[in-house]
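Geometric and topological summary
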Amino acid sequence: MSFPLILSPPIRASSNVTGHSHDHDHPSVLKRLHGTFMVIAWLFFNSLGNTVARYFKKTWTNRQYFGVPVWIFYHRVYMMACWTLTCAAIICIFIDLEGFEAHAHSIVGLATFALVFVQPILGLIRPPQQQAQSAIRILHSLLGHGAYILAVTNMFLGVGLESAHISSVMYGLVGGALGVHVLAHAAFNVLEYLARRKGSELDVNKDASFSRWRKTTLMLQMIALYAFAIVNVVYVWRV
């Protein structure tokens, strides 16, 4: 399986020490690693990092990790894991490269990687002007959501590639992980609506209303995404 770059090498039955296996029915180990890293990066880590940044700014309000609010710490951990795995996946597919074919999957993959690569830079930029800070935050958020949409779309494109030899069952598995992501956001928005209706003032030493429900929902989202990620990885390696 190959996300986000797909190669079109000539079919050969030989293999070598770099992991290139060109059996028509057996994608190379590097291609499988590429798919594995992308599944874990985007269906698990990116989804959780997005959730924490969007809904947990008023949770764990009286705690800090390494001098930053807890939500920022978790967001950075999840997103750096996504960034690292995405870079590793790109390295794997370029090592395996024998010929580049400009089709939808490879083009969308390159666009996704370009967005991902600049995200840590945008996240760390802190211009002195308040207006500039707001613009950077908005750009960081828009590019992050755009990268997630492109990455998940590209997984569907990758499953359909003949060279990937992936069962069509994986369409449903990727869709299931996407469904968990959407349902979690729906649940968090309901909790935000209830908190606004309650209208209680935020105490700096106390979590916002319904924070316990937020934490529970996050845990359920994490468990469900972990399960879908594992099953998707299994299908990446099945022939």
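Residues numbered from 1 in each chain as written. Predicted model: local features only at pLDDT ≥ 70, side-chain atom pairs only at ≥ 80, totals over all residues. Heavy atoms only, no water.

As for the overall build of the chain
When its secondary structure is counted, the chain shows six helices and two strands. For the chain, the N- to C-terminal ordering of α and β elements is α-β-β-α-α-α-α-α. Classification of the 239 residues of the chain by burial places 42% in the buried group. Counting only contacts in the chain whose residues sit at least 6 apart along the sequence, the fraction spanning at least 24 positions is 76%. For the chain, the accessible surface area stands at approximately 12,500 Å², while carbon and sulfur atoms represent 67% of it. (Helix = DSSP H or I, 4+ residues; strand = E, 2+ residues; numbered from the N terminus. Buried < 20%, exposed > 50% of the residue type's maximum accessible area, 1.4 Å probe, protein only. Contact = heavy atoms within 4.5 Å. Areas by Shrake-Rupley, 256 points an atom, 1.4 Å probe, with all protein chains shown as cover.)

Re the side chain of Thr-59
Inspection of the secondary structure assignment puts Thr-59 in the loop between helix H1 (29-55) and strand E1 (64-65). For Thr-59, the side chain forms a polar contact with the side chain of Ser-211, separated by 3.4 Å. (Polar contact = N/O pair within 3.5 Å; in protein donor to acceptor, adjacent residues only side chain to side chain.)

Observations concerning the confidence of the model for the chain
Of the residues in the chain, 84% have a pLDDT of 70 or more, and the chain-wide mean is 83. Across residues 1-23, where pLDDT falls below 50, the model places 86 contacts with residues more than four positions away in sequence or in other chains. (pLDDT = per-residue confidence, 0-100.)

A word on the nonpolar core
With 45 residues, the main nonpolar core has Val-39, Trp-42, Phe-56, Met-170, Phe-188 and Leu-218 as its most contacted residues. Of the residues forming this core, the biggest block, 10 residues, is contributed by H1. Among all residues touching Phe-188, those that are not within four sequence positions of it are Thr-51, Tyr-55, Phe-56, Arg-214, Thr-217, Leu-218 and Gln-221. (Core = buried A, V, L, I, M, F, W, Y, C linked by side-chain atoms within 4.5 Å.)

A look at the packing of aromatic side chains
Scanning the entire structure with this criterion turns up 15 aromatic pairs. With a centroid separation of 5.2 Å and 85° between ring planes, the pair formed by Tyr-65 and Phe-73 is classed as edge-to-face. Looking at Tyr-65, the relative accessible area reads 23%, which means it is partly exposed. Residue Phe-73 is classed as partly exposed on the basis of its relative accessible area, which comes to 23%. (Phe/Tyr/Trp six-rings, centres within 6.5 Å; stacked < 30°, edge-to-face > 60°.)

With respect to the pattern of salt bridges
For the coordinates displayed, the defined rule picks out three salt bridges. The shortest N-O distance in the salt bridge between Arg-54 and Glu-192 comes to 3.3 Å. With Arg-54 in helix H1 and Glu-192 in helix H5 (residues 169-198), this residue pair connects regions lying 138 residues apart in the sequence. A salt bridge links Arg-196 to Glu-192; the nearest nitrogen and oxygen atoms lie 4.0 Å apart. Here Arg-196 and its partner Glu-192 are both found in helix H5, four residues apart, which amounts to about one turn of the helix. Of the residues examined, Glu-192 reaches a relative accessible area of 17% and is grouped as buried. When salt bridges that share partners are traced, they join Arg-54, Glu-192 and Arg-196 into one network. (Salt bridge = Lys/Arg side-chain N within 4 Å of Asp/Glu carboxyl O.)

Quick look at the packing of H1 against H5
The axes of two packed helices give the description: the angle between them and the distance between them. Remark: H1 packs on H5, axes separated minimally by 11 Å, with the N-to-C direction vectors making an angle of 5°. As far as their axial angle goes, H5 and H1 are roughly parallel. For the pair H1 and H5, the contacting residues are Val-39, Leu-43, Ser-47, Asn-50, Thr-51, Arg-54 and Tyr-55 in the first and Met-170, Ala-177, His-181, His-185, Phe-188, Asn-189 and Glu-192 in the second. For the contact of H1 with H5, the class distribution of residues is six nonpolar, six polar and two charged. (Axes fitted to C-alpha atoms, helices over the stretch in contact; angles between N-to-C directions. Parallel < 35°, antiparallel > 145°, perpendicular 65-115°, else oblique. Nonpolar A, V, L, I, M, F, W, Y, C, P; charged D, E, K, R; others polar.)

Here we look at the state of the cysteines
One pass over the structure, following the stated rule, counts zero disulfides. Cys-87 supplies the cysteine sulfur nearest to Cys-82, a cysteine that is in no disulfide, at a spacing of 9.3 Å. (Disulfide = S-S within 2.5 Å.)

Quick word on the packing of H1 against helix H2 (residues 70-95)
For the pair H1 and H2, the least separation of the axes is 8 Å and the interaxial angle reads 160°. On the basis of their axis angle, the class for H1 and H2 is roughly antiparallel. Remark: the crossing between H1 and H2 carries left-handed chirality. Tallied by class, the residues present in the contact of H1 with H2 amount to 24 nonpolar, six polar and one charged. (Left-handed = near helix turned anticlockwise from the far one by under 90°.)

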